[in-house]
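Structure at a glance
Each chain, written out:
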Amino acid sequence: MNGVEQGERTTATERRTGTAGAPAAPAAHTDDEVEGIGDARRALGGFLRARRGRVAPEHVGLVGGRRRRVRGLRREELAQLAGISVDYYVRLEQGRATQPSPEVLDALARALGLDAAEHRHLITLAGTRRAPAPTARVSPLIQQILDSLTRLPAFATNHRLDTVAWNDLGAELVGGLADSSRRDRNNARFLFLDPASRLVFPEWEERAEDAVGQLRVSAGRYPDDAELATLITELSTHSADFRRIWATGKVLVCGAGHKSVHHPAVGSMHLDYETLRVPTPTGDTALEIHVFRARPNTPSATALSHLATLATRATTPDLAPADARHRTPRSPTGD
């Protein structure tokens, strides 16, 4: 068919007419680069497009080669792998088909090789539930728990990746949390709009991908969250890196893992982390508490112990310099 597959011809038409899909040449910012934030059907189509673009044809038994003009799978190839009609799949991508069955979603997830978190995100985008965004309330008890972890850095974030509470060592770990004049407390904005983040996080690309993946999950769960939509639009407008990573369809639910952090006073540290979730009465996650530790008898443990001493001196009146400023309250949302 003259090198253009039938399933992709619709996309070419949409691009000429402006009815759907992204422009042929990338611009500084378009609405499709954030996949119709606030519009679940467009978000579903954008996610499917991004994920089929990541599947190498040869990995699913299809012929690849240089003559292919489509990155990843063609529409009709994915439809065939999932056992659904090409017309129905095209309507899904265009946001014209609503409420696909669990069987269809399961088949698409298998064909795309989605992991558990990505599969749940697909189900969320296809659903009809529009839950209000949870309010991140930092109770006195939660702050007390954070403060009790004197040798472990810890801080709490909401679904927009705003840091809303922390302990002294957590504030020191990435620098400036306790001083609102020094840095933005939104982790995604810090990563993508503050050059200092690349010094703090040696593995910046991985941290950036994690942030985008978490924001995508939140956007799928809370499509009516205007503050979240504004944040994502801002990042997409001002950061080419954000647009690039968002276009991959990255999905992440934060759990446990490892992070490298560089601190100007103690150097590089390789830390383990665990994420603890604080649910709302409806079962949504209102807060995520991130706790870090260095493995015993390692250079990172020595560095973290030194950082804990520095944090104690900075926040203890008798040990702090005479001209030290008063601490900013740890929890701007606390009681």
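Model, not experiment: these values are computed from the prediction.

Our next topic: the side chain of Ser-197. Summarising the element assignment, Ser-197 is placed in helix 10 (residues 197-200). At 3.2 Å, the side chain of Ser-197 forms a polar contact with the side chain of Trp-204.

Further remarks concern the nonpolar core. Counting 40 residues, the largest nonpolar core has Leu-173, Phe-192, Leu-215, Phe-242 and Met-269 as the members making the most contacts within it. Of all the secondary-structure elements, those providing two or more residues to this core are helix 8 (168-174), helix 9 (187-193), helix 11 (204-221), helix 12 (226-238), helix 13 (240-246), strand 4 (267-279) and helix 14 (299-315). Looking at this core element by element, the count peaks at 6 residues for helix 11. The residues contacting Phe-192, other than those within four sequence positions of it, are Trp-204, Ala-208, Ala-211, Val-212, Leu-235, Ser-239, Asp-241, Phe-242 and Ile-245. Within the second largest apolar cluster, 28 residues are counted, among which are Phe-47, Ile-84, Ala-111 and Val-217.

As for its placement among the helices and strands, Gln-143 is situated in helix 7 (residues 140-148). On the accessibility criterion, Gln-143 (11% relative accessible area) is buried. Of the polar contacts made by the side chain of Gln-143, one reaches the backbone oxygen of Trp-166; its length is 3.0 Å.

The next point concerns the pairing of strand 1 (residues 154-157). Side chains Ala-154 and Ala-156 project from strand 1 onto one buried face, and the interleaved Phe-155 and Thr-157 project onto a second face that is buried too. Pairing geometry for strand 1 and strand 5 (residues 285-293), over 4 bridges, is antiparallel. Looking at the pairing, Thr-157 lines up with Glu-288 of strand 5. Judged from the 3 bridges that link them, strand 1 and strand 2 (residues 163-166) form a sheet pairing that is antiparallel. Within strand 2, the residue paired with Ala-156 across the bridge is Ala-165. A loop of 5 residues connects strand 1 with strand 2, the two strands running antiparallel in sequence, and Leu-161 in this loop sits at a positive phi of about 70 degrees.

In this section: the pairing of strand 5. Taken across its 9 residues, strand 5 has 7 buried, putting it largely inside the fold. Pairing of strand 4 with strand 5, which is carried by 8 bridges, proceeds in the antiparallel orientation. Note that in strand 5 the partner of Asp-272 across the bridge is Arg-293. In textbook terms, the turn of a hairpin is the stretch between consecutive antiparallel strands, and for strand 4 and strand 5 this stretch comprises 5 residues, one of which, Gly-283, has a positive phi near 100 degrees.

Here we come to the packing of aromatic side chains. Counted by the stated rule, this structure contains 5 aromatic pairs. Taking the centre distance of 5.9 Å and the plane angle of 40 degrees together, the rings of Tyr-273 and Phe-292 count as tilted. You can see Tyr-273 sitting in strand 4 and its partner Phe-292 sitting in strand 5, a full 19 residues away along the chain. Three or more aromatic residues joined by ring pairs form one cluster here, namely Phe-192, Trp-204, Phe-242 and Trp-246.

Taken residue by residue, helix 7 has Ile-142, Gln-143 and Leu-146 as its buried positions. End-on, the buried residues of helix 7 take up no more than an arc of 100 degrees, which puts them together on one face. Facing away from the buried side of helix 7 by over 90 degrees, the exposed positions are Pro-140, Leu-141, Gln-144 and Ser-148. Buried residues along helix 7 sit in contact with strand 1, strand 2, strand 4 and strand 5.

Attention now goes to the environment of Trp-246. With respect to the helices, strands and loops of the structure, Trp-246 is situated in helix 13. Looking at Trp-246, the relative accessible area reads 2%, which means it is buried. Expressed as a C-alpha distance, the spacing of Trp-246 and Leu-215, which sit 31 residues apart in the sequence, is 9.4 Å.

Attention now moves to the environment of Glu-118. Its place among the elements puts Glu-118 in helix 6 (residues 116-126). A C-alpha to C-alpha distance of 9.7 Å links Glu-118 and Gly-213, two positions 95 residues apart in sequence. With sequence-adjacent residues up to four places away left out, Glu-118 is seen in contact with Phe-47, Arg-51, Gly-113 and Val-251.

Here the protein averages 82 in pLDDT, while 79% of its residues score no lower than 70. Under a pLDDT of 50 for its full length, residues 1-32 has, in the predicted model, 45 contacts with residues more than four places off or in other chains. The model gives residues 319-335 a pLDDT under 50, and that stretch makes 34 contacts with residues more than four places away or in other chains.

Attention now moves to the pattern of salt bridges. Close approach of charged atoms allows side chains of opposite charge to pair. One pass over the structure, following the stated rule, counts 17 salt bridges. For Arg-75, the salt bridge goes to Glu-93, with nearest N and O atoms at 3.0 Å. Of this pair, Arg-75 sits in helix 3 (residues 75-82) while Glu-93 sits in helix 4 (residues 86-93), placing them 18 residues apart in sequence. No difference in accessibility class separates Arg-75 from Glu-93, as the two residues are buried. Of the charged contacts, one joins Asp-225 and Arg-160 as a salt bridge, the two residues approaching to 3.1 Å between their closest N and O atoms.

A word on the packing of helix 5 (residues 102-112) against helix 6. Think of two packed helices as two axes; the pair is described by the angle between the axes and how far apart they sit. In the contact formed by helix 5 and helix 6, the axes pass within 10 Å of each other and the chain directions differ by 140 degrees. Taken together, the axis directions place helix 5 and helix 6 in an arrangement best described as oblique. Of the two possible hands of crossing, helix 5 and helix 6 adopt the one that is right-handed. Of the residues in helix 6, those touching helix 5 at Leu-105, Asp-106, Leu-108 and Ala-109 are His-119, Leu-122, Ile-123 and Ala-126. Class assignment of the residues belonging to the contact of helix 5 with helix 6 gives a composition of 6 nonpolar, 1 polar and 1 charged.

Rules used throughout
- Residues numbered from 1 in each chain as written.
- Predicted model: local features only at pLDDT ≥ 70, side-chain atom pairs only at ≥ 80, totals over all residues.
- Heavy atoms only, no water.
- Helix = DSSP H or I, 4+ residues; strand = E, 2+ residues; numbered from the N terminus.
- Polar contact = N/O pair within 3.5 Å; in protein donor to acceptor, adjacent residues only side chain to side chain.
- Core = buried A, V, L, I, M, F, W, Y, C linked by side-chain atoms within 4.5 Å.
- Buried < 20%, exposed > 50% of the residue type's maximum accessible area, 1.4 Å probe, protein only.
- Contact = heavy atoms within 4.5 Å.
- Pairing = 2+ DSSP bridges.
- Phe/Tyr/Trp six-rings, centres within 6.5 Å; stacked < 30°, edge-to-face > 60°.
- Arc of directions from axis to C-beta.
- pLDDT = per-residue confidence, 0-100.
- Salt bridge = Lys/Arg side-chain N within 4 Å of Asp/Glu carboxyl O.
- Axes fitted to C-alpha atoms, helices over the stretch in contact; angles between N-to-C directions.
- Parallel < 35°, antiparallel > 145°, perpendicular 65-115°, else oblique.
- Left-handed = near helix turned anticlockwise from the far one by under 90°.
- Nonpolar A, V, L, I, M, F, W, Y, C, P; charged D, E, K, R; others polar.

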